[in-house]
Every structure is written in structure tokens, then in C-alpha cells.
Amino acid sequence: MPITFDADSRTFHLHNGQVSYLMRVLENGTLGHLYFGGSLAATGSYGRLSGREFLGFSNRLGEPVALECPTPGIGDYRVPALVVEQPDGSTMLDPRFTSHRVFAGKPAIPGLPSTYVQSYDEAETLEILLVDTPANLEIRLFFTLYDDRPVITRSARVRNVGPAPAIVECAMSATLDLPDSDWEFVHLSGAWARECEVRTRRLEAGSQSIGSLRGASGHQHNPFLLLKRGSTTEESGEAFGLGLVYSGNFLAEAEVDSFDTTRLRIGINPEGFSWALEPGAEFCTPEAILVYSEAGLGALSDAFHGLYRDRLARGVWRDAPRPIVLNNWEATYFEFDEPRLLELAAAAQKLGIEMFVLDDGWFGRRDSDVSSLGDWTANLDKLPGGVEGVARQIEAMGLRFGLWIEPEMVSQRSQLYADHADWAVGVPARPRTEGRNQLVLDMTRPEVVDHLFDVLSDLLGRAPISYVKWDMNRNITEPFSASLPADRQREFFHRYILGTYELYERLTRAFPQVLFESCAGGGGRFDPGLLAFAPQAWASDDTDAIERLKIQWGTSLCYPVSSMAAHVSAVPNHQTGRITPLSTRAAVAFFGVLGYELDPIALSDEEREAVSSQIDYYKARRELFQRGRLVRLRSPFAGDGNETAWMTVSADLRRGVVGHYRVLNRPNRGPSRLRLRGLDPNASYRVSVWPAAEDAVSAANTGLRGGDELMRVGLLVASDDPIDSRRLGDFTARLFDLEAEKDPNVRGDA
Ligand code: GLA
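Residues numbered from 1 in each chain as written. Predicted model: local features only at pLDDT ≥ 70, side-chain atom pairs only at ≥ 80, totals over all residues. Heavy atoms only, no water.

Visitor: So what's going on with the overall build of the protein chain? Which residues, and what values?
Guide: Along the protein chain, the regular secondary structure elements total 15 helices and 38 strands. Relative to the 2.2 N^0.38 estimate, which gives 27 Å for 750 residues, the radius of gyration of the protein chain is 27 Å and therefore close to what a compact globule would have. Principal-axis analysis of the C-alpha atoms places the extent of the protein chain at approximately 75 × 70 × 45 Å. Evaluated residue by residue, the protein chain yields a buried proportion of 62% over its 750 residues. (Helix = DSSP H or I, 4+ residues; strand = E, 2+ residues; numbered from the N terminus. Rg over C-alpha atoms; globule rule 2.2 N^0.38 Å. Buried < 20%, exposed > 50% of the residue type's maximum accessible area, 1.4 Å probe, protein only.)

Written as C-alpha cells, this is what we have:
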């Protein structure tokens, strides 16, 4: 039993040989937090780890007792997990432990996506009931421990058991009290076209936080944070990671108090939020994911990747090889008609591409971004046979067909707006701010969700559509719903996301064979909440290979490669104007779900041949790229960022591909080596280099190399040959293909 309760010391121990999580019911009945970290022995009592109960106010600000569900008003002056305004207007809470139960498996959270189990024996769940009697509140905390992951999932539910309404002002999904503050706070922050930059800073006294108030998780900060020691690297040292399975306004915060303890909390952003709790009603928080690693950031990412890929993503596409697409966006933007699409598709088919994705511009009168969102019927001037007609012709070529939609939006110039102007989000009597010439539909209203479900299921039902790119291109302003009473307007943002989840849930259930990809102007809503519905996401509108190194590296801290769509696009790049070699663009996109976003007809014969061989290369290693273990080797955020390297390794360690990328070529730097990780030291790997080149680096690496040598000595990634150097130029990439020999005794340059 990985979850035990020692009745004498009233201590809970969640342990699976990888992590331990300890809590104790303190003398006064408050639930204390004792420990989360590396595995502790299952036997023995750990009650002594908390010497005393939380005594409340003692005039020592910041009493450093670790609490599992900290609340305001009791003398713990750090940030709380739960704030509820009670009928008398008070907000103090002092919940006490009442009971607990442990059960096999993991419950779903009503209305919200969450990680799951496939069989009951994969995980155990501890449910702890805390009661605040004067407040008439029951608080249930859920902790799930998977048997083979260094992960605890946590969520909370608050029920009003009194006769009068109460108001939830703040309900965090998790808090974590740590005994010291010697941590670095690492987060993924950025903007449109430069998502998920890795930012690192030392924790200091006071609060540091990231979050969103935009109505979506946002380009600015991802709902993920990690703490690491200053000495932690990719391969060693301690780190905690916190993720939130949520796509709306969130807060992730670390507070260091005057005794240098650290409180982490993650959940729905309390700013601008409240939730009216009628008698008998319950509020459910989203799920937080807590990961601990004592083997560096690599192991932390392994845990997030495995969980998100295998137990958050759902449906037939979870494990299936993801198709290579041609997306027409950067090839045509809004200017296309059926013959043009068919010629693009035919060219794509010849290259070995498997799916044609028709992006924005196919519906209503959409010839630019000023109109038609909401009118999800084909523009018959462009597509005389409708979506169905073009989709069937493309299918007849042997390709599958995918379609772009942006369901949550409406253009003022649209039939939908003419019919239902009141469905657009806005505060009556105030002007509505447009973003990208569009307004947002009020997803809190059931009739809006019903309408979108009907329209989209009609579309998906009539045409052979195998893939949907679900975009969301602006954030919310003037938040207000005509369908909510005045005292519930602060529920708007959460209800918006609940409505969006409901639409996703209904569509993915009705069309289980369709692969959904989420998108929000690139990675503006790349979060675990949407991964539950759409197993892949468009990581960024920035398709420049050099920019993508950082974006994909940062994203990979918590999201698996199988979730990151990455396309090869034309040069000069449409976002940066940069001209990079075609092989570099491919070598970066291979470490994602590969696609192309260019006009294949505009390529030269030589380029077409190169693309075709890239596709063959990827197909022969698709499983390895999409589902192998990603090992990060050299960070684009380290030093001057001139080099990046990462690799993927198969589960059986028999195959691998290493990607090495150099931004600028700097002459006369001398030879340099790249040490690999995660291979079998006893295996002998046949190394080959892509793209093939007759240069010193290729010559030095090609042949048989021991796993031990590759990990301890490394691959040669730069030679001191001046002729090679001159030939190389800037923005170069090399892939090193590793394939283990059957006979491990074969070594050397055989
Ligand atoms: C967003 C997406 C792009 C493209 C356009 C279409 O910006 O991120 O990939 O689909 O919308 O308008």
C-alpha cells in the first residue's frame, strides 16, 4: 500500500520508492505538512518531523509551521490556499482534520480535465476531509500517488454545508511548504513568437509569482514553475516542479518568509475571481501536478513528459504515430482557391506528406482577418464543393485532410454576430475592444456552447476531416456575461474555461477519430488543460529554426515532444527574415511533431528531393522522435546561446538521434566534443551523420562507438579543420543517428 496512515502519530505517508509525501494531523487538528521529496523508508513513524502544533498568533510574524491547507486569520501570515467569505462577512478559516479514506485509482474532477489511471492498481488516492464548523465548510483534499512516477497530483473541493451562501475568494490547487529558501525559481515566460523562454532567478524574501489575468494561460507565462538548487543541472541535483491542469487565469507563486521557509502555491488566480457557493454546492479546483527529482531537471522533465503524454492526453491519438502535415498558412495565407489547394496537396503527396491542413480563410467571406469568424460554412467562391468537396479530392490523392477553426471567436462582420450580437463578451454600455478585429464569444453561456457543438459537429460529420487545428487568437477584455447575475460576474473567467472544456469534451467524444491540435496565436494556450483534449499544440507562430531552438527547449521542460507541433517553413523566414539551411529547419522540426508550412511547388527540384528525404528519415524514426526519451544536452539559454544539443533515446536504449545546432560559425575555436547521456554503456552503437557530409566531423564520428565512449568522451561536434569551417557557414545542424549492434562486443571503427 503506497499510502499509509500511522494512527499513533496521525501521520500520512504517500510513498512509492521514488518520492515520499508526509502529512500529520497536528495536536489541534490542523493538517500539517511534513515533507515532500526523495523516498523515505515505508516503515517507521515520522510524526516527530513536526515538533509541535501550529499555535497560531504568537507575535512572531511568519510562524514557520508547514501547513497543508493554510487559511487566513489564524496567525499564519503567509499567503493562503483557501479564502472563503462567510455569510457574516468574515473570511477567517480554521479547518480541522475530520476523516480520511484511501482508495485505488483516481477520481475525475467534475467539469475539469485531469490526469487519469487506466487500471485501478496504477495509483492510489488519499482523500482527506477537513471541516470548519463555524464556517459550515467541508474541504476535501485529494492526493493521488502513481505507483511508478515521482508525482503527486493534488486538488481540492470546498462544499458549503450551511444554510446560507458563502463566497470562495481563493481556492488553490496545491500549496507546498518547504523548510528552506535556497532555491532558484525557474519559469517559462515570453510573448507571441518567443514562447517559453527559460527564466531563472534566486528566491528572495517576499513573493515572486507568475500568472495570467487574460482569460487564457497565455504566451506570457506558462502554468508551470520549478524550483532548483543553484547546483542542480540537467543530470543531477534536486528540483521540484509544479504544473496546473488548467487553461485560464492562473497563479504560481513562491513566498519566502522571515524564517527563510518557502511556500509555493498554484491554482486559479484569485485576482478578479470569486465563486458563489450556495448551500449544498461544491467548488472543485483544477488539478496541480507536483513532481520531485533528485536527479536533475532531466528526470523532472521525464516525469512530466510521461504523465502528460500517457495519462493526461487521451483518445486514439494518444499513442498513435502523428501524421506529417502540410499546412497552407505560410504558403498562401488567405489567398487560395480549390485548384490552388489541390496543387499544393498533390505536391505534398509526392513528397511523402500524409495530411493536408487547410488553415484560416476557408469560411464565410474570410479574405483577411477582418470578418467571418463564427460563420463556419465554406466560402463557395473559394471552395465550390464546400469543405467536403475539397476534403474528398484530397483524400482521393491518398492524403488525409485537416481543418483550422477558431470556435470561441466572432467577427463583428459575420452572420453569427448579426444574429447574436449579445453572444459576444462585453460590458453593456461600454465599447468592446477588438483584438485582431475580433470579439470573444461568451463561452459561459450554455446556448453558445450548444450552438458551436451543433455547427462544428455538422461540419466534422459531413466532410472527411481527420484533424482539427483549434485556434484562439485574442485574450479577453471587458469580461462580463449577460447571463450571469451581478454577484456572479467574478466567476466569468473560470466559467469561460469550463465552457471551452465542455465544448472540447463534447467534440472529442463525438469525433474520437479526429486528431485535435490546440493553438492560440502559437503557444498562447499551450497548457496541460488543453493537452487532455488535444494531444498536440502549435508551439509558436515563430517557425524560424534558430528561434525554435529556444522555444522547443523551454517547452520541453514540462511538455513532451509528442505535444509540440513543429513545421519546416520557407526562407527568408516569415517572422525573422532569417535564411537558414533547409537541413537545419528539418533537424529542429524533427524534435517535434513534424510538419511543413511552405509552398512545395515553389521549391527547387533539389529542395524537393531534400524534403522528400527528410520525410523518409523522419518516418523511419517517427516513434523515436515523437515518443523517445528526450535528453537535453546543451542549452540555448546557457552562455552565449550559440549552441544547442539534445537527443532522443528509445525505451530499450537501442536507438537514438542526437541533434547538434550551431547559430554562428566562429572560426578557429578548436575541436569540441558533446557528451551524450541516457545510452546503454555496454552497447555498441553504429553512428551515422545527417545530412551526409565529407568533413572531419562526419569522419570522426561515423562507425561503431561504445555507449560508454559516447557518454564519457562524446561525439566530435567541431573540428579544427579550417576548410570544413569555411564550408559550414552559420545556422548549421547535424544529426547523429545511433543504432545499437546486436553483438555488444563489436567495437572500434568496424
Ligand atoms: C494564428 C495561428 C497561425 C494561423 C493563423 C491563422 O496566428 O497561430 O498558425 O493559423 O492564426 O489566422
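Now, onward.
Visitor: Explain helix 3 (residues 338-351) to me, using residue names and the numbers behind them.
Guide: In an α-helix, one full turn covers 3.6 residues, which means residues spaced three or four apart are oriented alike. The terminal C-alpha atoms of helix 3, which comprises 14 residues, lie 20 Å apart, in line with the 20 Å expected from a rise of 1.5 Å per residue. If you follow the buried residues of helix 3, they end up packed against strand 21 (325-327), helix 2 (329-332), strand 22 (355-358), helix 4 (386-396) and helix 11 (605-620). A distance of 3.0 Å separates the backbone nitrogen of Arg340 from a side-chain oxygen at the start of helix 3, and that oxygen is part of Asp337. (Expected span 1.5 Å × (residues − 1). Contact = heavy atoms within 4.5 Å. Polar contact = N/O pair within 3.5 Å; in protein donor to acceptor, adjacent residues only side chain to side chain.)

Visitor: I'd like to hear about the packing of aromatic side chains, residue by residue, with values.
Guide: Inspection of every chain in the model, using the stated rule, returns 40 aromatic pairs. Taking the centre distance of 5.2 Å and the plane angle of 50° together, the rings of Trp275 and Phe283 count as tilted. The pair Trp275 / Phe283 is uniform in exposure class, with both members buried. Summarising the aromatic geometry, the rings of Phe363 and Trp376 are spaced 4.5 Å apart at their centres and angled 50° between planes, so their arrangement reads as tilted. Of the two residues, Phe363 sits in the loop between strand 22 and helix 4 while Trp376 sits in the loop between strand 22 and helix 4, which places them 13 residues apart along the sequence. (Phe/Tyr/Trp six-rings, centres within 6.5 Å; stacked < 30°, edge-to-face > 60°.)

Visitor: Got a sec to walk through the site of the ligand? Specific residues and values, please.
Guide: Close to the ligand lie 13 residues; Asp359, Asp360, Arg436, Lys469 and Asp541 are nearest. Residue Asp359 places a side-chain N or O atom 2.6 Å away from an oxygen atom belonging to the ligand. Asn473 is positioned with one of its side-chain polar atoms (N or O) 3.2 Å from an oxygen atom of the ligand. Notes on the ligand: free accessible area 310 Å², of which the protein chains cover 96%. (Near = heavy atom within 4 Å. Areas by Shrake-Rupley, 256 points an atom, 1.4 Å probe, with all protein chains shown as cover.)

Visitor: Account for the side chain of Ser466, naming residues and giving values.
Guide: Tracing the sequence through the fold places Ser466 in the loop between helix 6 (446-462) and strand 26 (467-470). Discounting residues that sit within four places of it in the chain, Ser466 has contacts with Met355, Glu395, Arg400, Phe401, Gln513, Val514 and Leu515.

Visitor: Describe the sheet that holds strand 1 (residues 3-6), naming the residues involved and giving the relevant values.
Guide: In spatial order, the strands read 1-2-3-4; together these 4 strands make up an open sheet with antiparallel pairing. The open sheet terminates on both sides in strands that have one partner only, identified here as strand 1 and strand 4 (31-38). Taking each pair of neighbouring strands and ignoring which way they run, the sheet shows an average axis angle of 15°. (Pairing = 2+ DSSP bridges. Axes fitted to C-alpha atoms, helices over the stretch in contact; angles between N-to-C directions.)

Visitor: Which residues make up the sheet that holds strand 23 (residues 400-405), and what are the values?
Guide: Sheet architecture is closed into a barrel: 8 strands sit in the order 21-22-23-26-27-28-29-30, paired in parallel fashion. In this sheet, neighbouring strand axes are inclined to one another by 30° on average, regardless of whether the strands run parallel or antiparallel. Here helix 3 sits on the sheet in contact with strand 21 and strand 22, set at roughly 150° to strand 22.

Visitor: Explain the state of the cysteines to me, and be specific about the residues and the numbers.
Guide: Considering all chains together, one arrives at 0 disulfides under this definition. Among the cysteines around Cys69, which has no disulfide bond, Cys170 carries the closest sulfur, lying 9.6 Å off. Residue class for Cys69 comes out buried when judged on its relative accessible area of 12%. Left unpaired, Cys284 is separated from the closest cysteine sulfur, that of Cys69, by 15 Å. (Disulfide = S-S within 2.5 Å.)

Visitor: Explain the packing of helix 6 against helix 7 (residues 492-510) residue by residue, including any values.
Guide: The contact between helix 6 and helix 7 brings their axes to 10 Å, and the two run at 30°. In terms of orientation, helix 6 and helix 7 fall into the roughly parallel class. Classified by chirality, the crossing of helix 7 by helix 6 is right-handed. Across the interface between the two elements, Val449, Asp450, Leu452, Phe453, Leu456, Ser457 and Leu460 of helix 6 pack against Gly499, Glu502, Leu503, Arg506, Leu507 and Ala510 of helix 7. (Parallel < 35°, antiparallel > 145°, perpendicular 65-115°, else oblique. Left-handed = near helix turned anticlockwise from the far one by under 90°.)

Visitor: Run through the nonpolar core, naming residues and quoting values.
Guide: Within the largest apolar cluster, 191 residues are counted, with the highest numbers of intra-cluster contacts made by Leu14, Phe356, Trp362, Phe401, Phe590 and Tyr596. The element that contributes the greatest number of residues to this core is helix 7, accounting for 8 residues. In this structure, Trp362 is in contact with Phe336, Trp376, Thr377, Ala378, Asn379, Leu383, Val387, Leu403, Trp404, Ile405 and Leu459, ignoring residues within four places of it in sequence. The next biggest cluster of nonpolar side chains, apart from the first, holds 21 residues, and it includes Met647, Val649, Val689 and Met711. (Core = buried A, V, L, I, M, F, W, Y, C linked by side-chain atoms within 4.5 Å.)

Visitor: Can you break down the packing of helix 3 against helix 4 residue by residue, with the values?
Guide: The interhelical angle for the contact between helix 3 and helix 4, taken along N-to-C directions, is 25°, at an axis separation of 10 Å. Classified by the interaxial angle, the pair formed by helix 3 and helix 4 is roughly parallel. For the element pair helix 3 and helix 4, the recorded crossing hand is right-handed. Where helix 3 approaches helix 4, its residues Glu338, Leu341, Leu342 and Ala345 are matched on the opposing element by Gly389, Val390, Gln393 and Ile394. Considering only residue class, the contact of helix 3 with helix 4 consists of 5 nonpolar, 2 polar and 1 charged. (Nonpolar A, V, L, I, M, F, W, Y, C, P; charged D, E, K, R; others polar.)

Visitor: Would you mind going over the environment of Pro560 in detail, with residue names and values included?
Guide: Looking at the element boundaries, Pro560 is found in the loop between helix 9 (545-555) and strand 29 (564-569). Using a relative accessible area of 2% as the deciding quantity, one classes Pro560 as buried. Each C-alpha atom, one on Pro560 and one on Gly641, is 22 Å from the other, the two residues being 81 residues apart in sequence.

Visitor: A description of the pattern of salt bridges should follow, citing residues and the corresponding values.
Guide: The tally for this structure, following the rule as stated, stands at 58 salt bridges. The partner of Asp450 in a salt bridge is Arg506, with the nearest N and O atoms 2.8 Å apart. Of this pair, Asp450 sits in helix 6 while Arg506 sits in helix 7, and the two are 56 residues apart along the sequence. Of the charged contacts, one joins Glu643 and Arg634 as a salt bridge, the two residues approaching to 2.8 Å between their closest N and O atoms. Residue classification places Glu643 among the partly exposed positions, given a relative accessible area of 21%. With relative accessibility at 24%, the residue Arg634 sits in the partly exposed group. Overlapping salt bridges bring together Arg101, Glu127, Arg140, Arg159 and Glu282 as one network. (Salt bridge = Lys/Arg side-chain N within 4 Å of Asp/Glu carboxyl O.)

Visitor: Explain the environment of Ser719 to me, and be specific about the residues and the numbers.
Guide: Relative to the helices and strands, Ser719 is located in the loop between strand 37 (715-718) and helix 15 (722-728). Contact partners of Ser719, with chain neighbours within four places excluded, come to Gly670, Pro671, Ala696, Val697 and Asp724. Here the side chain of Ser719 touches Asp721 through a polar contact of 3.2 Å, landing on its backbone nitrogen.

Visitor: How would you summarise unusual backbone geometry if you had to cite specific residues and measurements?
Guide: Most of the time, phi is negative for any residue but glycine, and the peptide bond is trans. With omega at -10°, the peptide bond leading from Val571 into Pro572 counts as cis. Following the sequence through the fold, Pro572 ends up in the loop between strand 29 and helix 10 (582-589). The omega torsion of the bond from Trp690 to Pro691 falls at -5°, within 30 degrees of zero and hence cis. Locating Pro691 in the fold gives a position in the loop between strand 35 (684-690) and helix 13 (696-701). For Asn136, which is not glycine, the phi torsion reads 55° and is therefore positive. Relative to the elements of secondary structure, Asn136 occurs in the loop between strand 7 (123-132) and strand 8 (137-146). Its relative accessible area of 29% is what places Asn136 among the partly exposed residues.

Visitor: Talk me through the side chain of Ser155; I want residue IDs and the actual numbers.
Guide: Within the fold, Ser155 resides in strand 9 (residues 151-160). Residue contacts for Ser155: discarding those within four places in its chain leaves Ile109, Arg140, Leu141, Phe142, Ser173, Thr285, Pro286 and Glu287.

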